[in-house]
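Residue-level structure breakdown
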Amino acid sequence: QFPRQCATVDALRSGECCPDLSPVFGPGTDRCGSSSGRGQCVAVIADSRPHGPQYMHDGQDDREQWPLRFFNRTCSCNGNFSGYNCGSCRPGLSGAACNQQIRTVRRNLLDLSAEERNNFVNALHQAKTTVHPNIVIATRRHEEILGPDGNTPQFENVSIYNYFVWSHYYSVRKTFLGAGQQSFGGVDFSHEGPAFLTWHRYHLLQLEKDMQEMLQDPSFALPYWNFATGGNTCDICTDDLMGARSNFDVSLISQNSIFSQWRVLCEYLEDYDTLGTICNSTEGGPIRRNPAGNVARPMVQRLPEPQDVALCLEVGLFDTPPFYSNSNDSFRNTVEGYSDPSGKYDPAVRSLHNLAHLFLNGTGGQTHLSPNDPIFVFLHTFTDAVFDEWLRRHNADISIYPLENAPIGHNRQYNMVPFWPPVTNNEMFVPAPENLGYSYDVQWPSRALQVTEIITIAIVTALILVAIIFAGATCIVHARKNKDELHQPLLTDQYERYSDDYDSIPTPSQSVV
Ligand SMILES: O=C1C=c2cc(C(=O)O)[nH]c2=CC1=O
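What counts, and at which threshold
Residues numbered from 1 in each chain as written. Predicted model: local features only at pLDDT ≥ 70, side-chain atom pairs only at ≥ 80, totals over all residues. Heavy atoms only, no water. Helix = DSSP H or I, 4+ residues; strand = E, 2+ residues; numbered from the N terminus. Rg over C-alpha atoms; globule rule 2.2 N^0.38 Å. Buried < 20%, exposed > 50% of the residue type's maximum accessible area, 1.4 Å probe, protein only. Contact = heavy atoms within 4.5 Å. Near = heavy atom within 4 Å. Polar contact = N/O pair within 3.5 Å; in protein donor to acceptor, adjacent residues only side chain to side chain. Areas by Shrake-Rupley, 256 points an atom, 1.4 Å probe, with all protein chains shown as cover. Nonpolar A, V, L, I, M, F, W, Y, C, P; charged D, E, K, R; others polar. Axes fitted to C-alpha atoms, helices over the stretch in contact; angles between N-to-C directions. Parallel < 35°, antiparallel > 145°, perpendicular 65-115°, else oblique. Left-handed = near helix turned anticlockwise from the far one by under 90°. 1 Å grid on protein atoms, 1.4 Å probe; cavity = no way out; pocket = protein on both sides within 12 Å on 5 of 7 lines; lining within 4 Å. Points joined across faces, edges and corners; volume = space filled by probe spheres on them. UniProt positions renumbered as here; feature names shortened; annotations may be inferred. Pairing = 2+ DSSP bridges.

When its secondary structure is counted, the protein chain shows 11 helices and 14 strands. Rg of the C-alpha trace for the protein chain: 34 Å, well past the compact-globule value of 24 Å for 513 residues, more than 25% over. Projected onto the principal axes, the alpha-carbon positions of the protein chain cover approximately 160 × 60 × 50 Å. Sorting the 513 residues of the protein chain into buried and exposed places 50% on the buried side. Taking as baseline every contact in the protein chain between residues at least 6 positions apart, the subset at least 24 positions apart corresponds to 67%.

Following this line, the structure appears as structure tokens:
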């Protein structure tokens, strides 16, 4: 959410969050790395275009026109620089001067060697237990952010992985409407709208970058889970990856996995919603997971089919009005999983991304909690891979992303909540390899033919066969006719010859004895 340097009474009162990069001449002398030409402190630009009708509580939520409720000035970084104080590089660049191109490859988790699996699981655990070096989280709404005495900013440290969990929670939390009033749940800054794909893309990029810095390894890349197996088992739920099932409790993770020790953040939803507080860094119970175990909903006991991915990649429009979870013929709504895989909206359907979440049947299936289960990371890298493949196949241009009237938080120029420094949906709507420095190593399934297509092909083949047979028959008839015509003169000649011969035989009266 916000840099530690900005979680102060002064910064919050001034509305300015432009931390120094290396203030050798004292505080405020190198805001945004200005002394080395990296950036400058500028006014925040926030989207003010109209949002859709789903949200009708304007003025009551800190996330409106993000991040203006908290800060109206931020660093704007030049060229290849990036970050809250312009001290880091844009995605795809590294080095002290941010002038070295890097390309990372996100691979299938199942393709990692035993050593890579072990390193990766250890890196995740390190992220879960390492305090985020730069970012702190607000534990109160803006109204109460300076604490009961007006002088105690209500922020907490958070670990790198828990920041990933908290950002997702903050983007989906209900709007608090006042003590004793029901909070409003019809709001979601990261799902059920066009920003679903751009928001989750940035969410992953941020975790990947935080982990690269933690490991001091710019080539570190998040793998993906190809969840479209059509099966009823979780193939990455093994002790060397995401943890097998516990032998003692079907909905827990085996004690041979480090993830059985992880504790969940943002569990006390009732408290936050009734007290008007915000989830803090306090951890609760263990991760719950019971893949394919939801007996009450047989529909979510199987994972999506490979064909579902192939079909959704053919949906031609990125999103369609009302740019919501009931959009029809929308690629976004299809891959998010509210439509059938060919794009037809059906309120009874759960497919692709949603189905994979629900299949996990536990922590990973509840929106306010789901990133607590590390499978979330790999489920979303795969979803992002599908998004990137769609952008490539359809040669997509930003003009197809709605500028206005999308649900709140989802307009093209909206700053994604709660990321810092401000970053718009627009900036993530680009092919990743050329613009963000990563690509996916995926074999995409080719689409099986549908019944109507099989029937059409059969009819066309039959017609072609009939045409060939007819043409063949016609040729034979013509050939016979031609042959007859060719033979005709020969017979006549012969006949004539014979008759000539006959004519030349002298009659008995002419014969000379
Ligand atoms: O964490 C999530 C859990 C989800 C459950 C559904 C559903 O369709 O019911 N969708 C979800 C999205 C999530 O991100």
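Okay, back to it.
Right, let's get into the site of the ligand. The full set of residues close to the ligand is H191, R350, H353, N354, H357, L358, G365, Q366, T367 and S370. In this structure, N354 approaches the ligand through a side-chain N or O atom, which is 2.9 Å from a nitrogen atom. S370 places a polar side-chain atom, nitrogen or oxygen, 2.6 Å from an oxygen atom of the ligand. Relative to its unbound accessible surface of 330 Å², the ligand loses 90% to contact with the protein. Within the shell around the ligand, the residues separate by chemical class into 1 nonpolar, 8 polar and 1 charged.

Where helix α4 (residues 195–215) meets helix α9 (residues 375–393), the axes come as close as 10 Å, and the angle between the chain directions of the two elements is 125°. When the axes of α4 and α9 are compared, the pair comes out oblique. Helix-helix and strand crossings are classified by hand; for α4 and α9 the assignment is left-handed. Between α4 and α9, the residues in contact are F196, L197, T198, H200, R201, H203, L204 and L207 and F376, V377, H380, T381, T383, D384, F387, D388 and L391, respectively. A per-class count over the contact of α4 with α9 returns 8 nonpolar, 6 polar and 3 charged.

Turning our eyes to something else, we now look at the layout of surface pockets. In this model, the second largest pocket occupies a volume close to 570 Å³. D188, H191, E192, Y338 and T367 are the residues nearest the centre of the second largest pocket, which is lined by 31 residues in total. When contributions to the lining of the second largest pocket are tallied by element, the ones reaching two or more residues are α3 (160–172), α5 (269–275) and α8 (352–360). For the lining of the second largest pocket, the element with the highest residue contribution is α8, accounting for 4 residues. Across the lining of the second largest pocket, the residue classes tally to 10 nonpolar, 14 polar and 7 charged.

Under the present numbering, the feature "domain: Tyrosinase copper-binding" (unreviewed entry) in UniProt falls on residues 191–208 and 373–384. Counted over residues 191–208, helix gives 78% and strand 0%. Its end C-alpha atoms are 21 Å apart. As annotated, residues 373–384 comprises 83% helix and 0% strand, and the C-alpha atoms at either end are separated by 18 Å.

Quick look at the sheet that holds strand β10 (residues 135–138) now. In any sheet, the strands associate via hydrogen bonds between backbone groups, in a parallel or an antiparallel arrangement. With antiparallel pairing, 3 strands are arranged side by side in an open sheet as β1-β10-β11. Of all strands in the sheet, those bounded by a partner on one side alone are β1 (2–3) and β11 (155–156).

The tally for this structure, following the rule as stated, stands at 1 cavity of 30 Å³ or more. Put simply, the largest cavity is a space of about 50 Å³. Lining the largest cavity are F196, L197, H200, R201, L204, H380, T383, D384 and F387. If you list the elements that add at least two residues to the lining of the largest cavity, you get α4 and α9. Element by element, the count of residues in the lining of the largest cavity is highest for α4, at 5 residues. Broken down by class, the residue content of the lining of the largest cavity amounts to 4 nonpolar, 3 polar and 2 charged.

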